[in-house]
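# Observations on the model geometry
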Amino acid sequence: MIKSKFAINLHILTLLADNQNEWLSSNYIAGSLNINPVLVRKEISSLKSANIVESKEGNSGGLKLNKNPEDINISDIFLITKGKSNVFSLSKNAPNPHCQIGKKINENLMSLFEDIDESIKMQLKNITLEDFRKKF
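Residues numbered from 1 in each chain as written. Predicted model: local features only at pLDDT ≥ 70, side-chain atom pairs only at ≥ 80, totals over all residues. Heavy atoms only, no water.

### Points about the overall build of the protein chain
Formally: Numbering of helices and strands runs from the N terminus, with a helix taken as a DSSP run of H or I at least four residues long and a strand as a DSSP run of E at least two residues long. The globule rule is 2.2 Å times the number of residues to the power 0.38, and the radius of gyration it is compared with is taken over C-alpha atoms. Categorising residues by exposure relies on relative accessible area from a 1.4 Å probe, with only protein chains included: less than 20% of the type maximum marks a residue as buried, more than 50% marks it as exposed, and the intermediate range marks it as partly exposed.
The number of helices and strands found in the protein chain is six helices and two strands. Listing every helix and strand of the protein chain by position from the N terminus yields α-α-α-β-β-α-α-α. The C-alpha atoms of the protein chain give 18 Å as radius of gyration, which overshoots the globular expectation for 136 residues (14 Å, by more than 25%). Seen along its three principal axes, the alpha-carbon backbone of the protein chain occupies a region of about 65 × 30 × 25 Å. Burial analysis of the protein chain (136 residues in total) assigns 32% to the buried set.

Okay, here's the thing in structure tokens:
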């Protein structure tokens, strides 16, 4: 799930960075993403909670960045998107606690997953939203 949410959030924020002086409607953003505006509004909610975007109600309203694109690292977007979960997740089936591997697999997987998330964060930390926006 994080894979598509990250792409959606980065798309939304790149649009906002490219139109910094305009209020963009969720319908406009949804049109760029080619998805339902309800899905856009759901993601906008998490971006608002993180204080990266602001919204204004009414006909002349919409969405705007709350920060300069140079001050937003792609790692910030990654952390907002993933929340408390990891990129990878454990199996829904509980492993056999009597198995040598099964009794410790989840503990070792969680450690690995945390290392993976940290590696991704460090890779994205050096890229700003403005750097990404300039690719278009």
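There is more to say after this.
### What about the pattern of salt bridges?
What counts is decided by this rule: Any carboxyl oxygen of Asp or Glu within 4 Å of a side-chain nitrogen of Lys or Arg constitutes a salt bridge here.
What the rule picks out here adds up to four salt bridges. A salt bridge links arginine 133 to glutamate 130; its shortest N-O distance comes to 2.6 Å. Of the two residues, arginine 133 and glutamate 130 are both situated in helix H6 (residues 129-133); the distance of three residues between them amounts to about one turn of the helix. Three or more residues are tied together by salt bridges with common partners; here these are Asp18, Glu130 and Arg133.

### So, the packing of aromatic side chains
The geometry of an aromatic ring pair is captured by the separation of the ring centres together with the interplanar angle, meaning the angle of the planes. The cut-off we apply is this: Only Phe, Tyr and Trp rings are paired, with Trp represented by its six-membered ring, and only when their centres lie within 6.5 Å; those with planes under 30 degrees apart are stacked, over 60 edge-to-face, the remainder tilted.
Summed over all chains, the structure comprises three aromatic pairs. Taking 6.4 Å as the distance between ring centres and 80 degrees as the angle between the ring planes, the aromatic pair formed by phenylalanine 6 and phenylalanine 78 counts as edge-to-face. With phenylalanine 6 in helix H1 (residues 2-18) and phenylalanine 78 in helix H4 (residues 74-82), the pair connects residues that are 72 residues apart, well separated along the chain. For the pair formed by phenylalanine 6 and phenylalanine 78, the shared burial category is buried. Ring geometry for phenylalanine 132 against phenylalanine 136: centres 5.5 Å apart, planes inclined by 70 degrees, an arrangement best described as edge-to-face. What makes phenylalanine 132 partly exposed here is its relative accessible area of 23%.

### Things to note about the confidence of the model for the protein chain
Put simply, the test is: pLDDT expresses, on a scale from 0 to 100, how confident the predictor is about each individual residue.
For the protein chain, the mean per-residue pLDDT works out to 93, and 99% of the residues sit at or above 70. By mean pLDDT, helix H3 (residues 37-49) is the weakest element of the protein chain at 90, and H6 is the strongest at 98.

### What to know about H3
Operational definition: To estimate how far a helix should reach, multiply one less than its number of residues by 1.5 Å. The arc in question is the one spanned by the directions pointing from the helix axis to the C-beta atoms. For this analysis, a polar contact is any N or O atom pair within 3.5 Å, provided that within protein one partner can donate a hydrogen and the other can accept it, and provided that sequence-adjacent residues contribute only side-chain to side-chain pairs.
Over its 13 residues, H3 runs 18 Å from end to end, which matches the ideal 18 Å to within 8%, given 1.5 Å per residue. Turning to H3, its buried residues are Val40, Glu43, Ile44 and Leu47. One side of H3 holds all its buried residues, which, seen down the axis, span an arc of 110 degrees. In H3, the exposed positions that point more than 90 degrees away from the buried face belong to Val38, Lys42 and Ser49. Sitting at the amino-terminal end of H3 is asparagine 36, which places a side-chain oxygen 2.8 Å from the backbone nitrogen of valine 38. Positive phi appears at asparagine 51, one or two residues downstream of H3, with a value of about 65 degrees.

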